[in-house]
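This is what each chain is made of:
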Amino acid sequence: MKEAGIGILGFGTIGQGVARILTQRANVIQLRNGRPFTLEKIYCRNFQDKDLKGLPVEYFTNNPKELLNADNIDTVVELIGGTEIAYSLVQQALQNGKNVVTANKALIATHGEELLVLANEKKVKLLFEASVAGSIPILRILREHFCAGEILKITGILNGTCNYLLSELEKGGSTFEQVLKEAQRLGYAEADSSFDTEGYDAAQKLSILASCAFGIRLPDWKEIPRSGISELLLDDFVFAERIGKRIRLLGKAEMTEHGLFAGVHPRLVGANSEIGKVVGAENMLFIEDEFESPLRLSGSGAGSLPTAMSVLADLGECARGKDSSPFFSFHRRKECVFAPRNQIKKEAYVRIQIQDQVGIVARVADAFAKKNISLLGIFHNQSHTTIAFLLYEAPITDIEEAVEIISHFDFVVGKPLLLSVES
Ligand SMILES: NC(=O)c1ccc[n+]([C@@H]2O[C@H](COP(=O)([O-])OP(=O)(O)OC[C@H]3O[C@@H](n4cnc5c(N)ncnc54)[C@H](OP(=O)(O)O)[C@@H]3O)[C@@H](O)[C@H]2O)c1
């Protein structure tokens, strides 16, 4: 029985988890996959100065070519991250006829299309389960479980850092800056957390999900409408609670007759809904297809061993030489066409900060009325410096135009906040 030779690029959080499972669970892996996996080499640029976590020094090299050119390595695991060195090393690995497994959403969302073409030409696999939702086997489920019906929609919490921050903020008493500092201390947020908090990370994951769910070429993740959570005020959480809602950063992708609707935004969701009850750094996903009631998946969106498990599952697929579903094969995938946004209708929440004046509510209500948008409710804080308006369902582009007009009123301070409200 031929051994599956594995090389790992990068020995950080996930690289160490994968190396640990590969070396400590060799028997189970062989039993489950019908083939032994052998960890041959780990590329770590400064391994001499690192804690090697009990692994023999012979495993390590600071020359990636020792993996990329090795005859005894048939699968390379990329766990460096980013789109620079990781991109060129993955390209070389595929060029050299090696399967590649990666956890790198930035790489796949940015260069995935081109790398998939190369993998297809070289007749090797490029698998990236761990790049979306950590331990949740969402891409495998999209490929293998939904084999009869059309997938209609995917909704989910795709960023554990934001979910942790939101669920801490809704407890009250702490500002965004205070909660973020604590998240950084606990290791839930990076020193520069803006990639997470501004929704970029979730947009990259959503583009990968949409491609796998709808059999389309990877949408350009930068074209996915996106907003983050850093502009939320404590008053927003108080107003949300008053109407039985919570705020969650949701990624949504839906295929319609007009094309793909996709977006990453904070939204108001029912406090007692399944997605509203997700607290801490968890991820949760709902997949709707034409036959099943929504399938719900939840689990750790990050972390060394949970994410390593998704990498191991991809390694198993490479070792077993299983073909992916033809629906997802490169040649079948269709171009991604984004749907025009004026097709979207939403109930919405609009919050403004104000300098108190007479007639504010009447002027704001009039701005909405001019777009045929009716008010469902109005809230204000005790000091009357923040007012929020709950709106009946209306085309999102009309709501945005009204909010743009309101943002120029002389009593408005700062930028208004617009959130859609989930039923
Ligand atoms: N952490 C998670 O929970 C998680 C979850 C899902 C997916 N992912 C993805 O998994 C990948 C790895 O993440 P991670 O958390 O393991 O990152 P990490 O802890 O920062 O580890 C990255 C590794 O790559 C090495 N590296 C970084 N830049 C390099 C360069 N220019 N040249 C050579 N080596 C370089 C680092 O070496 P040094 O130690 O010398 O810096 C380190 O060994 C990323 O794509 C990430 O998005 C992570």
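Here, the structure is the one placed above.
Residues numbered from 1 in each chain as written. Predicted model: local features only at pLDDT ≥ 70, side-chain atom pairs only at ≥ 80, totals over all residues. Heavy atoms only, no water.

Draft legend 1. Layout of the site of the ligand. Around the ligand, a shell composed of 20 residues is seen, among which T13, I14, R45, K50 and G303 lie nearest. For the ligand, the protein covers 72% of the area, taking 900 Å² as the surface of the free molecule. When the residues that make up the shell around the ligand are grouped by side-chain class, the tally is nine nonpolar, eight polar and three charged. (Near = heavy atom within 4 Å. Areas by Shrake-Rupley, 256 points an atom, 1.4 Å probe, with all protein chains shown as cover. Nonpolar A, V, L, I, M, F, W, Y, C, P; charged D, E, K, R; others polar.)

Draft legend 2. Inspection of the pattern of salt bridges at higher detail. Within the structure shown, the criterion is met by 23 salt bridges. The partner of E168 in a salt bridge is K171, and the shortest N-O contact between them spans 2.8 Å. Judged by its relative accessible area of 24%, E168 is partly exposed. Judged by its relative accessible area of 62%, K171 falls in the exposed class. For E422, the salt bridge identified is with K252, shortest N-O distance 2.8 Å. (Salt bridge = Lys/Arg side-chain N within 4 Å of Asp/Glu carboxyl O. Buried < 20%, exposed > 50% of the residue type's maximum accessible area, 1.4 Å probe, protein only.)

Draft legend 3. Region of the structure containing the packing of helix α4 (residues 85–95) against helix α5 (residues 105–122). Look at α4 against α5: their axes get within 9 Å of each other, and the N-to-C directions meet at 10°. Classified by the interaxial angle, the pair formed by α4 and α5 is roughly parallel. From α4, A86, Y87, V90, Q91, L94 and Q95 reach across to α5, where they touch L107, H111, E114, L115, L118, A119 and K122. Here the contact of α4 with α5 is built from residues that sort into eight nonpolar, three polar and two charged. (Axes fitted to C-alpha atoms, helices over the stretch in contact; angles between N-to-C directions. Helix = DSSP H or I, 4+ residues; strand = E, 2+ residues; numbered from the N terminus. Parallel < 35°, antiparallel > 145°, perpendicular 65-115°, else oblique. Contact = heavy atoms within 4.5 Å.)

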